[in-house]
Amino acid sequence: MPYPNADLSHFRQLREQAAKKKALEKELEALTRQCETLSAQADACKQARQAAEKEVSDLESGGALGILYTIAGGKAARREAAQKDLKAAKAAYDQANWELAEAQASLHHTKRQLEDLAGLDETFPAAREARRKALKAANLPQSRQLPLLEEILDRETALVQAIADLCAQCHTVLESAQNALRLAEKSQMVRDFSTVDLLQSAADQTVQHQQHLEVGLSALLAQAEEGRLRLEEAQDDLLSQDLPL
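Residues numbered from 1 in each chain as written. Predicted model: local features only at pLDDT ≥ 70, side-chain atom pairs only at ≥ 80, totals over all residues. Heavy atoms only, no water.

A. Broad picture of the environment of Gln95. By secondary structure assignment, the location of Gln95 is in helix α3 (residues 75-116). What makes Gln95 partly exposed here is its relative accessible area of 40%. Distance in space between the C-alpha atoms of Gln95 and Ala42 is 8.6 Å, their sequence separation being 53 residues. (Helix = DSSP H or I, 4+ residues; strand = E, 2+ residues; numbered from the N terminus. Buried < 20%, exposed > 50% of the residue type's maximum accessible area, 1.4 Å probe, protein only.)

Structure representation (structure tokens):
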């Protein structure tokens with residue numbers, strides 16, 4: 001049976017778009033974290049600028065701080081130092097806001113690019129499935145490779161899901177242990193302090209154990225997902241071949 005290649009260029013195009021989408025999603029995560037960090041830095045710079053402005057205002061307006069330096073001496077020197085601090089604080093604030101605005105612009109641009117790829121999560125799997133069916137029906141040497149690759153990929157996908165489920169369960173237990181620890185620390189109802197200490201010790205040990213377990217499971221999940229993606233890439237390589245008619 002001839003193997004149809006009419007949809008090959010479309011599949012290849014969708015595959016390139018899918019790779020671009022994954023890269024953009026990673027970029028979006030990084031930019032989101034960067035914006036959160038820069039936003040916190042900008043807020044801190046704003047507070048520092050406001051504090052510096054208040055100090056200069058107090059020194060220049062004869063407020064309590066100005067009176068104190070007038071009595072103790074050195075008001076002029078302190079005012080000059082405060083003005084320098086204010087200048088530096090304003091420069092830091094402006095720089096922080098410029099960096100934040102730049103990161104936010106990049107974030108917006110990345111979101112727009114992802115919007116242009118909306119619907120790819122449905123169209124690419126559909127195109128992949130069409131290529132798989134066509135290859136299986138073509139009765140080529142590559143056709144016999146595909147079922148074996150699919151079987152391995154299915155097992156790897158099931159493994160990834162199982163580990164992800166364990167991670168979710170571990171996280172739930174960890175949250176419960178952390179809540180128990182907070183309740184033990186804040187308890188005002190238990191008068192027996194030895195009981196409180198016992199609860200704190202048990203909850204703390206559970207938290208530490210679950211945190212260690214969660215880190216290990218997360219690393220295992222990342223490894224399993226990496227293996228699954230390699231298998232998926234191998235499958236798409238096979239489906240992307242320009243096979244003889």
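B. Representation of the pattern of salt bridges within the structure. One pass over the full model with this rule turns up 17 salt bridges. Residues Asp237 and Arg15 are paired through a salt bridge, measuring 2.6 Å at the closest nitrogen-oxygen approach. Taken together, the positions of Asp237 in helix α6 (residues 193-239) and Arg15 in helix α1 (residues 8-61) put the pair 222 residues apart, joining distant regions of the chain. As a salt-bridge pair, Glu232 and Lys22 come within 3.8 Å of each other at their nearest N and O atoms. Linking Glu232 in helix α6 with Lys22 in helix α1, this pair joins segments that are 210 residues apart in sequence. When salt bridges with common partners are traced through the structure, they connect Lys22, Arg128, Glu225, Arg228, Glu232 and Asp236 into a single cluster. (Salt bridge = Lys/Arg side-chain N within 4 Å of Asp/Glu carboxyl O.)

C. Layout of the packing of aromatic side chains. If you walk through the whole model with that rule in mind, you get one aromatic pair. Above the face of the Tyr93 ring, Arg49 is positioned so that its terminal group lies 4.5 Å from the ring centre. (Phe/Tyr/Trp six-rings, centres within 6.5 Å; stacked < 30°, edge-to-face > 60°. Lys NZ or Arg CZ within 6 Å of the ring centre and 35° of its normal.)

D. Looking closely at the side chain of Ser143. With respect to the helices and strands, the residue Ser143 is situated in helix α5 (residues 141-186). By relative accessible area, Ser143 is classed as buried at 6%. Engagement of the side chain of Ser143 in a polar contact is seen with the backbone oxygen of Leu135, the distance being 2.4 Å. Those residues in contact with Ser143, other than ones at most four positions away along the chain, are Leu135, Lys136 and Ala138. (Polar contact = N/O pair within 3.5 Å; in protein donor to acceptor, adjacent residues only side chain to side chain. Contact = heavy atoms within 4.5 Å.)

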